[in-house]
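Chain by chain, the residues:
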Amino acid sequence: MKFLAGFFLTGIIVITYSFSYAQSSYAITGRVIIASTSFAEGATISLLQYSDSSSVKSTVCNNQGVFELKGIPPGNYRVLINKLGYQKFYSSPIRVVNANIHLPDVALLSAANDLKEVTITAKRDYIEIRPDKTILNVDRSILAAGNSVFDILATAPGVRVLDNGIYVKGGQKALIAIDGKPVGQLTDEQLADLLKSYQSSMISQIEIISNPPAKYDASGGGVINIILKKSKDYGFKASITESAAAGQDYKLNSGINLDYRIKNLNFFGNYNFNDSKTPRVLDIDRTIGQTGLNEDYMSVAHLLNKSFNGGVDYNLSSKQTVGVLMYGYYNQIDIDKNSTTDILNHKLLDSDIITNSHINRSITNLNYNFNYKGSFGKEDNTTLSADFDYSTYRRYSTELLESDFFDPDGVQYRDALFYIDNSPSQINVRSERIDFTQALSKTGTLGLGLQNNQANSNNRIDFQQRSIADSVYTPVPSLTDHFTYNERINAAYINYDDRFNNTGIALGLRAEQTSSLAESLNPNKTTSDSYLDFFPNVEITQPVDKDNTLELAYNRRLTRPQYQDLNPFVAYIDEYSYSTGNTFLKPEYFTTYQVTDIFKQKYKLDLSVQVTKDFFVPIFQQNDSTKVFTSTISNIGTRYEYNAEATLPVDITKWWNANVYLYGSYQKYVYNTGNPDKTTTDFEIKVTQNFTITNTIRAELFTGWESPTYYGIKQYADEWSTRAGVSKSILNDNGSIKLAINDIFNSQEYRYTSQYQNLNLTGFEKAGSRFVTATFTYRFGKQTVQNNKRSNGNIDEQKRLNTSTNDN
């Protein structure tokens, strides 16, 4: 804590010394052309306040038509472009938040054609490419309608969904945030439940940030920020969404979004109800010498989900805002499972174990946020924001199991066993955060922040059994435990952004001090840890010519074990299959070096190298004598990745465009377990095509394919899927009907093998994925009204005031 206090104090001294030079550091750049063949040299570029069109500053285009407006404080603006003999151009509203803005090329029209001033407002594409992030405008996707965030991410460029895990940059776990706030260290299953609870009707945008600045938590390979819908317009507006899907069982969804804004108050909220049934199939075949164990597993999960988001923002003044936000979900889950394990000797059936079970599970997740944001100084060159967050996670789960034992003729050779498993879990997370920014010069800005996170996890498992002759369940000591985990992370960061001529530079350093204590009662074991880490971040941006902008980036980050990954509970599947956590699991650390080229502010190419130490993944451990098979998670060694990514938006015709994402990688695993080193390649392509058939009818087609590849300890076969949809605008553009087909060819599945250590394993996994979904959306209230004249609270972190689109 002394280090953190000194770290912050140093920053305060620098701020005090530099206060007299205060101005903001953000810039708006662009290019103006004439008739698409020449540049508008000498055109006057004026920056106007969006609220009252008052002039902020101006500049002129150079001989390449390029302009740059520097030193712009956060706020809402328009750009006015003037050139003698040509029409005036007014841009769409521009929001400056926490990054430089690069505008698309502007083509001026001759004044001889039309003497009137024009305002050009283009509809946003579903996928937007920015130098620092990729944005998914969810409302613009037909295929997103009726689906959850979890489903949407499966088709997102640069994102991979595998075994409920969300990965970026080929293989690093993503840091998931909602309105800028990380969701915490949930297991893959818990995180999947959370993302499935957020339907597309609740979402405005999804940001994919591959190189997050130091103000973000150091955990995760990149940030996926889910921005919930909220309007910035005065008056009342609302929308309702109804969807139904049929195929491999069913999905039903109902949602409503509400916004009401008056002079100093903004009320917003949404509610969503989802009812779905989804099947899942899992086959695992193992060979141990002359013995084979083939497990066939099938389940059907029935989910009832209720999710909500609501809050209030209040303007204390034109420059200060306080807000309250509450969001969460409640899941009621019933899972019917059936597994059959065939035991073979010399390839002949020796016996069968058939296990049937039913799980009754309820999960409640509630999140509370109180926030403040203020700007100070004549030109709003100082900002201060503060957040307090508190989250609760409650899970109650009961499983009833029955195992029956049969010989090759189907005759029961021993009594059935009955089990009951109660496994409640409670997680509480508290976070306090303060962020401060101060302009140091016309182009330089300093940012400082402090953060404290405290997490407490309390978990029990009570496992009991009885035979068919017994009427009373008795505890199974080896499968009964009580596990608690407490963690505290104190963090401080410093950011410095500046521009020297045409070169932009961003430097960041984050320090995180972590203390943890894990206690297990059976066996009686205590594990504690305390460590201090530093996470630097560097970005250098340099325009090479009028078409190319080069960005160099370096960062160091980590992935912490999820709370339940450390939980040593032994979960029973059948007599030969178990799963457990690992209290000795260590964080993995990775370093990334990246070069990015942005071509014509539209096309993006990334080359990167990433080295991950103490790389951890789920593994299988097998006892050859007992034939018992246990899944756990372990640090297996060092992983090296050499990646190339390209995002290519293509306008094929006026009515047909596509976004092509290409990924290629060479990877090497150096194991610390005695296994020989392993190398692999990986290739992926995702193509999203959009068709404007008429003014009211659009269509969308997605195709994704990934080559055979190796990850962790598994060799995967190739995987591909196709989705298609059509949308019709109705009711004077206030409503829409969308019809989509997910996984048309029912090809979305995972096939893999593993020869890790003493394993000889083949696996197959498939969840229900082929559905036909119909969605109806209706919007009412004031859909286009006067915009609010203020910059609202906590924009840097919460991003709550991003305007959602109402396009079909």
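Just so you know, these numbers come straight off a predicted model, no measurement behind them.

Conventions used here
- Per-chain numbering applies: the sequence of each chain, read as written, is numbered from 1 onward.
- Note on the predicted model: pLDDT of at least 70 is required for a residue's local features to be given, and 80 or more for side-chain atom pairs to be given and counted; whole-chain, interface and lining totals, by contrast, use all residues.
- With hydrogens and water set aside, each side-chain value is computed from the structure's full complement of heavy atoms.
- A pair of strands counts as paired when DSSP detects no fewer than two bridges linking them.
- Comment: elements are numbered from the N terminus, with helices defined as DSSP H or I runs of at least four residues and strands as E runs of at least two.
- Residue burial is assigned from relative accessible area. The probe radius is 1.4 Å, only protein chains are included, and a residue is buried under 20% of its type maximum, exposed over 50%, and partly exposed in between.
- Residue contacts are counted whenever heavy atoms from the two residues lie within 4.5 Å of one another.
- Centres within 6.5 Å are what make two rings of Phe, Tyr or Trp a pair, Trp counting through its six-membered ring; a difference in plane orientation under 30 degrees is then read as stacked, over 60 as edge-to-face, and the rest as tilted.
- A positively charged side chain is recorded as over a ring if its NZ (Lys) or CZ (Arg) lies within 6 Å of the ring centre. The angle to the ring normal must also be within 35 degrees.
- Two distance rules govern patches: like charges are joined within 9 Å, and nonpolar side chains (Val, Leu, Ile, Met, Phe, Trp, Tyr) within 5 Å, applied only to residues with over 30% relative accessible area and no salt bridge.
- Note that accessible areas follow from Shrake-Rupley with a 1.4 Å probe, and for residues the cover is restricted to the protein chains shown.
- What makes a salt bridge here is a side-chain nitrogen of Lys or Arg within 4 Å of a carboxyl oxygen of Asp or Glu, nothing more.
- Polar contacts, as used here, are pairs of N or O atoms within 3.5 Å; protein pairs need one atom able to donate a hydrogen and one able to accept it. Residues neighboring in sequence count only if both atoms are side-chain atoms.

Peer 1: Just to check I follow, could you spell out the pairing of strand S38 (residues 588-599) for this structure?
Peer 2: Consecutive side chains of a regular strand alternate in pointing toward one face of the sheet and then the other. Direction of pairing for strand S35 (residues 548-559) relative to S38: antiparallel, over a ladder of 12 bridges. Looking across to S38, one finds that leucine 558 is bridged to tyrosine 589. Counting the residues in the hairpin turn of S38 and strand S39 (residues 603-622) gives 3 residues, including lysine 600, whose phi is positive at 55 degrees.

Peer 1: What's the story with the sheet that holds strand S14 (residues 159-162) in this structure? I'm lost.
Peer 2: Strand pairing in a sheet relies on backbone hydrogen bonds, with the paired strands running either antiparallel or parallel. What the 3 strands build is an open sheet, ordered S14-S15-S16; its pairing is antiparallel. In the strand order of this sheet, the two ends are held by S14 and strand S16 (172-173), each with one partner. Direction of pairing for S14 relative to strand S15 (residues 165-168): antiparallel, over a ladder of 4 bridges. Of the residues in S15, the one forming a bridge with valine 159 is valine 168.

Peer 1: Help me understand the pairing of strand S32 (residues 481-500), please; the structure alone is not making it clear to me.
Peer 2: S32 sits mainly inside the fold: 14 of its 20 residues count as buried. Examined bridge by bridge, strand S30 (residues 445-467) and S32 share 17 bridges and lie antiparallel to one another. Residue pairing for S32: asparagine 452 is matched across the bridge by asparagine 490. Two elements, S32 and strand S33 (residues 503-521), share 18 bridges in a ladder whose sense is antiparallel. Residue pairing in the sheet places threonine 484 in a bridge with glutamate 519 of S33. Between the end of S32 and the start of S33, which pair antiparallel, lie 2 residues, with asparagine 501 showing a positive phi angle near 55 degrees.

Peer 1: Teacher, can you tell me more about the environment of aspartate 718 here?
Peer 2: Looking at the secondary structure, you find aspartate 718 in the loop between strand S45 (714-716) and strand S46 (719-730). Taking C-alpha positions, aspartate 718 is 8.1 Å from tyrosine 750, a pair spaced 32 residues apart along the chain. Those residues within four positions of aspartate 718 in sequence are excluded, and the remaining contacts are Trp705, Glu706, Ser707 and Pro708.

Peer 1: How do you make sense of the sheet that holds strand S19 (residues 203-209) when you look at a structure like this?
Peer 2: Judged by pairing direction, the sheet is mixed, and its 6 strands sit side by side in the order S12-S13-S19-S20-S17-S18 without closing on themselves. Looking along the sheet, the strands with just one partner apiece sit at the ends: strand S12 (127-129) and strand S18 (181-182). Two elements, strand S13 (residues 134-137) and S19, share 4 bridges in a ladder whose sense is antiparallel. The partner of isoleucine 135 across the bridge, within S19, is glutamate 207.

Peer 1: How should I be thinking about the packing of aromatic side chains in this particular structure?
Peer 2: Under the defined criterion, the tally for this structure stands at 24 aromatic pairs. When the centroid spacing of 6.5 Å and the interplanar angle of 80 degrees are considered together, the rings of tyrosine 716 and tyrosine 750 count as edge-to-face. Of this pair, tyrosine 716 sits in strand S45 while tyrosine 750 sits in strand S48 (residues 750-754), and the two are 34 residues apart along the sequence. In this structure tyrosine 716 comes out as buried when scored by relative accessible area, which is 8%. Judged by relative accessible area, tyrosine 750 falls into the partly exposed class, the value being 22%. Taken together, Tyr167, Phe615, Tyr669, Tyr671, Tyr710, Tyr711 and Tyr756 form an aromatic cluster joined through their ring pairs. One Lys or Arg, lysine 251, reaches over the ring of phenylalanine 771 and ends 4.7 Å from the middle of that ring. The aromatic ring of tyrosine 710 is capped on one face by lysine 678, whose charged end is 5.0 Å from the ring centroid.

Peer 1: Would you mind showing me how to read unusual backbone geometry here?
Peer 2: Most peptide bonds are trans, and most residues other than glycine sit at a negative phi. Although it is not a glycine, histidine 346 adopts a positive phi angle of roughly 55 degrees. Among the secondary structure elements, histidine 346 is positioned in the loop between strand S25 (320-345) and strand S26 (348-376). Assessed through its relative accessible area of 57%, histidine 346 is described here as exposed. The phi angle at aspartate 614 is positive, at roughly 55 degrees, despite the residue not being glycine. Relative to the helices and strands, aspartate 614 resides in strand S39. On the basis of relative accessibility, which here comes to 24%, the residue aspartate 614 falls in the partly exposed class.

Peer 1: Any chance you could explain a nonpolar patch on the surface here in plain terms?
Peer 2: Together, Phe236, Ile256, Leu258, Tyr260, Ile262, Phe267 and Tyr271 make up an exposed nonpolar region whose accessible area comes to about 570 Å². Elements with a contribution of two residues or more to the nonpolar patch: strand S22 (249-261) and strand S23 (265-288). With 3 residues, S22 is the largest single contributor of residues to the nonpolar patch. Mapped onto the elements, phenylalanine 236 comes out in strand S21 (residues 235-247).

Peer 1: Got a minute to help me understand the side chain of serine 423 in this structure?
Peer 2: Examined against the element boundaries, serine 423 turns out to sit in the loop between strand S28 (412-422) and strand S29 (425-439). Overall, the relative accessible area of 9% leaves serine 423 in the buried class.

Peer 1: Looking at this structure, I do not really get the side chain of threonine 29. What am I missing?
Peer 2: Along the chain, the position of threonine 29 falls in strand S1 (residues 26-34). Overall, threonine 29 belongs to the buried group, its relative accessible area being 13%. Here histidine 102 takes part through its side chain, which lies 2.8 Å from a polar atom of the side chain of threonine 29. When near neighbours in sequence (up to four residues on either side) are disregarded, threonine 29 contacts Phe67, Glu68, Ile101, His102 and Leu103.

Peer 1: Can you help me understand the pattern of salt bridges in this one?
Peer 2: Should their charged atoms come close, side chains of opposite charge can pair. With the rule as written, the count across this model stands at 25 salt bridges. The closest approach of N and O atoms between arginine 160 and aspartate 682, which form a salt bridge, is 2.6 Å. Here aspartate 682 lies in strand S42 (residues 678-692) and arginine 160 lies in strand S14, a separation of 522 residues in the sequence. Classification of arginine 160 as buried rests on a relative accessible area of 12%. According to the relative accessible area criterion, aspartate 682 is buried, its value standing at 0%. With a closest N to O distance of 3.0 Å, arginine 160 and glutamate 706 form a salt bridge. Note that arginine 160 is positioned in strand S14 and glutamate 706 in strand S43 (residues 697-706), a separation of 546 residues in sequence. An identical accessibility class is assigned to arginine 160 and glutamate 706; each is buried.

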